[in-house]
Amino acid sequence: MAEDGVTHMFLLKRLSPFLVAVLNLAFLEAILKWPSLFFVLAGVLIFFNLFFVGFLAIKNLGFKVTLRFWLTYFMLTMAVNASFLFIDNAVLRQGLIVIHVLCIAVYQEFLFNFLYRPEKYKVYSLENLNNIINLLTVFLANLAIFALIVFMNMAVWLSLLIEMCLIICSLILLFRANKLELKGNGWLLVASGLVVVEFFIIFTWLPFNFFIKAVLISAIYYLLSGVAKLIANQQLYKNTFLVFLSVAVVIWTALLVTSRWI
């Protein structure tokens, strides 16, 4: 009986990427169909996502390490759900659902392989996907924050507090995921966070669409977080810095040239 129980638990863990994908797809589509139930459906979805990642990780990694995965899933799911409130285009919504479902299902699959089938795990898979999820979370969360300022007249001080928490948590998770020491590198987190927040303050007063603002602030975050990682790894060379800088500059230039002032 005990062996059967162990087998069933392992099977459930093996199926968890599929179950996570189905649940996220179902609940996000349900939110689109019944927006009046937004908070209930979003809350239940967050619970399921946290449950499944904890179900995989906590026994093997312990509470402290699993907390990083909980925060990653929580912040991503919150950002996706919050951005849903302000995206009217049906195609963009469906695209966001697909991206979110793929990200969280593949992350769950990578985590399962890392913990239970190391021979199937490709080195740096979790780290690379985590970097993508981290940036996606920052973008979607900022989209929601800027939209809340415009449509809900959210107080600047409250939006600033949320932004500071978002950026600091995102940077800490980024460092943890890439196995970078926080001790001795705290100044990098503080400096990067302050610069991002300063740009956030500037953008709150600029007459751009909230979508454009979110992309611009995400480009800044991409540049600064990338440079912070390179400094922490002692790999900040001219060529690598120019890659991050070029991407950020191209995004900024393209948006500022083509965007309308509102």
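Criteria and cut-off values
Residues numbered from 1 in each chain as written. Predicted model: local features only at pLDDT ≥ 70, side-chain atom pairs only at ≥ 80, totals over all residues. Heavy atoms only, no water. 1 Å grid on protein atoms, 1.4 Å probe; cavity = no way out; pocket = protein on both sides within 12 Å on 5 of 7 lines; lining within 4 Å. Points joined across faces, edges and corners; volume = space filled by probe spheres on them. Helix = DSSP H or I, 4+ residues; strand = E, 2+ residues; numbered from the N terminus. Nonpolar A, V, L, I, M, F, W, Y, C, P; charged D, E, K, R; others polar. Buried < 20%, exposed > 50% of the residue type's maximum accessible area, 1.4 Å probe, protein only.

With that settled, consider the layout of surface pockets. The volume enclosed by the largest pocket comes to roughly 540 Å³. If you trace the largest pocket, you find 23 residues lining it, with M78, A79, A82, A141 and I162 closest to the centre. Secondary-structure elements contributing two or more residues to the lining of the largest pocket are α2 (38–84), α4 (125–151) and α5 (156–177). A total of 12 residues in the lining of the largest pocket trace back to one element, the largest contributor, which is α2. Looking at the lining of the largest pocket residue by residue, the classes come out as 20 nonpolar, 3 polar and no charged.

On to unusual backbone geometry. Phi angles above zero are rare outside glycine, and Y124 is one such case at about 70°. Note on placement: Y124 falls in the loop between α3 (90–116) and α4. In the Ramachandran plot, K179 falls in the positive-phi region, its phi being about 55° despite a non-glycine side chain. Note that K179 resides in the loop between α5 and α6 (186–205). Residue K179 is classed as exposed on the basis of its relative accessible area, which comes to 63%.

Moving on: empty space enclosed by the protein. Scanning the entire structure with this criterion turns up 1 cavity of 30 Å³ or more. Elements that contribute at least two residues to the lining of the largest cavity include exactly α2, α4 and α5. Sort the elements by how many residues they give to the lining of the largest cavity and α4 lands first, with 4 residues. Residue composition of the lining of the largest cavity, grouped by class: 4 nonpolar, 5 polar and no charged.

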